[in-house]
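# A closer look at the structure
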2 protein chains.
Amino acid sequence: MSETDTSRPASAPALPKVLAFDVFGTVVDWHGSIVREVSALRLPVDPGQFAIAWRAGYRPAMARVRGGELGWTKIDDLHRMILDDILVKFGLEDMDEAMRRHLNLVWHRLDPWPDAVEGLRRLKSKFTLCTLSNGNLGLLADMAKRAGLPWDLILSAEVFRHYKPDPEAYLGVCEVFDVAPAEMMLVAAHQDDLAAARACGCRAAYVERRFEFGPTLPKDVSPDPANDWHATDFLDLARQLGC
Amino acid sequence: MSETDTSRPASAPALPKVLAFDVFGTVVDWHGSIVREVSALRLPVDPGQFAIAWRAGYRPAMARVRGGELGWTKIDDLHRMILDDILVKFGLEDMDEAMRRHLNLVWHRLDPWPDAVEGLRRLKSKFTLCTLSNGNLGLLADMAKRAGLPWDLILSAEVFRHYKPDPEAYLGVCEVFDVAPAEMMLVAAHQDDLAAARACGCRAAYVERRFEFGPTLPKDVSPDPANDWHATDFLDLARQLGC
């Protein structure tokens, strides 16, 4: 998308002050990173299918917390519950405790998409950047330190004790920065996350991550006109926002 | 203090993994920064006395929250309550709302001590660095962005809904990073804060900030042998910790 070819409607209000980023899939490549580690460990499984299976347990696990079946449980613990489950399905139930703990922390070691660090650096010159992730604070801090993600503030569902798409998560960001919902924009590669942010009065920027689920399962990345912005990556978003 | 002359007891355990920093007075110079802004605004008051009076209201205000008299109230709001009170005492009750709001945010614009940014940068190479401040998240994020403080994670009493010295604040840091209390060290210029951290099983590093209350009221910065480390500033602490 060129500098003049933006999807911003003519009637759009002033630019937001705070950009809140979804993380898994939007900033970092969970699929490629898990494939990398599972391959390096030479586990006798298809690494791509293993990654997909692990991630597939994520929403149902959070739904148990959101619905009240489970008390507040952080993602590290949910990831571990799912891991123990899929190890059986993949015939790896003999994996010892130390290896399970190590493997579970792969989510702290996810690699950023190639444009992410430079895109964030540019956006940071004009906006306050935070995360709004269902990942827990310790996970997000480890990830940012390893990958060099230049957040102004790491925020998490853990702070608000509500997983996205609960409105408390989006509105919690606005409260932390003392801004109106329209002054906060969620940046995400997931239309449902953006729709929940818009329902709170926040603004929404979609970022295409066509290969979030790996090179063999390209995602539909069609624009949704309900969003304020649509960008191919963070560098494109920075360009569109004048950074 | 030289590299060989440390206050670390011979029996000290391995180094901590996480350093949690008190902020007001330890990382940033609240007194000098408020004097700077009050002087620039040409308010007809003694800037140093104004700064001292504002800060003096801080502990009593938090005590009202800690004791349950006030529900959870963030520091921005406590600072504003104190400000409204001292403006009367200093004969400035005519200050308009816009100026009160601007002045109240001086706490977001505090300057770091001269050694702070470089000291943190060195410590970050070896440890995970976070804040553990009674300041709210938005305040700490604004401050870090303006001053270039390289935190790995900004943590606040606001996350734990407990002000220091409540044990929930110190233990909350350990929980976030999934470390034992002995693997976390509080770095502070205040002996009572360090004593509360030690009571939780955490480790403690005192940093001398002799002029926290301004150049005319030097503080007693004597070492307390109960602390694990005693440093003249962050560069000295980094040197002692082998960074």
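All residue numbers refer to position in the chain's written sequence, counted from 1. All chains are assigned letters beginning with A, and all ligands numbers beginning with 1, in the order in which they are written. Predicted model: local features are reported for residues with pLDDT of at least 70 only, side-chain atom pairs are reported and counted for 80 or more only, and whole-chain, interface and lining totals are derived from all residues. Derived side-chain values reflect all non-hydrogen atoms in the structure, with water molecules and hydrogen atoms excluded from consideration.

### Side note on the side chain of A:Asn227
All names here are of chain A. Think of it this way: any DSSP run of H or I at least four residues long counts as a helix, any run of E at least two long counts as a strand, and we number them from the N terminus. As for its placement among the helices and strands, Asn 227 is situated in the loop between strand S5 (203-207) and strand S6 (229-231). Within 3.5 Å is the distance limit for a polar contact, defined as a pair of N or O atoms, with the added protein rule that one can donate a hydrogen and the other accept it, and that residues adjacent in sequence qualify only through two side-chain atoms. A polar contact of 2.9 Å, which involves the side chain of Asn 227, links it to the side chain of Gln 191. Side-chain polar atoms of Asn 227 contact the side chain of Arg 198, separated by 2.6 Å. Contact criterion: two residues are considered in contact whenever any of their non-hydrogen atoms come within 4.5 Å of each other. In contact with Asn 227, not counting residues within four places along its chain, are Gln 191, Leu 194, Arg 198, Ala 204 and Tyr 206.

### Here we look at unusual backbone geometry
Cis geometry marks the peptide bond from A:Lys164 to A:Pro165, where omega comes out at 5°. At A:Arg161, a position not held by glycine, the phi torsion is positive, near 55°.

### Things to note about the relation of the copies chain B and chain A
Overlay of chain B on chain A (RMSD 0.0 Å): rotation 180°, translation along the axis 0.0 Å. Within this description, the copies of the chain are treated as partners about a two-fold rotation axis. Closest approach to the rotation axis among the C-alpha atoms of chain B is made by B:Val159, whose C-alpha sits 2.8 Å away. A high fraction, 100%, of the interface residues of chain B reappear at the interface in chain A, so the copies pair face to face through one surface. Here the copies are matched by least squares. The fit uses the C-alpha atoms of residues with pLDDT of at least 70 in both.

### Thoughts on the pattern of salt bridges
Residue and element names in this part refer to chain A. Only one rule defines a salt bridge in this text: a Lys or Arg side-chain nitrogen within 4 Å of an Asp or Glu carboxyl oxygen. Tallied over the full model, the rule gives 46 salt bridges over all chains. Note that Arg 80 and Glu 97 form a salt bridge whose closest N and O atoms lie 2.8 Å from each other. Here Glu 97 lies in helix H5 (residues 97-104) and Arg 80 lies in helix H4 (residues 75-89), a separation of 17 residues in the sequence. Think of it in three bands: with a 1.4 Å probe and only protein chains considered, a residue is buried below 20% of the maximum accessible area for its type, exposed above 50%, and partly exposed in between. The class of Glu 97 is partly exposed, set by a relative accessible area of 38%. Arg 239 is paired through a salt bridge with Asp 236; the nearest N and O atoms lie 3.5 Å apart. In this pair, Arg 239 and Asp 236 both sit in helix H11 (residues 234-240), three residues apart, roughly one turn of the helix. Given the relative accessible area of 36%, Arg 239 is considered partly exposed. Taken together, the shared-partner salt bridges in this structure form one network comprising Arg 36, Glu 37, Arg 109, Asp 111 and Arg 146.

### A closer look at the domain arrangement of chain A
Residues and elements named next belong to chain A. For every domain, the bounds stem from an assignment made automatically or drawn from a database. Taken domain by domain, chain A holds domain 1 (18-29 + 111-240) and domain 2 (30-108). Between the C-alpha centres of domain 1 and domain 2 there is a distance of 23 Å. Listed as interface residues are 26 residues of domain 1 and, on the opposing side, 21 residues of domain 2. When domain 1 packs against domain 2, close to 2000 Å² is buried across both sides, 54% of that on carbon and sulfur atoms. The term buried area means the drop in 1.4 Å probe accessible area that two parts suffer when joined, counted for both and summed. When residues of domain 1 are sorted by the area they lose upon contact with domain 2, Phe 24, Asp 29 and Tyr 163 head the list and together hold 32% of the total. One salt bridge connects Arg 36 with Asp 111, and the closest N-O pair in it is separated by 2.8 Å.

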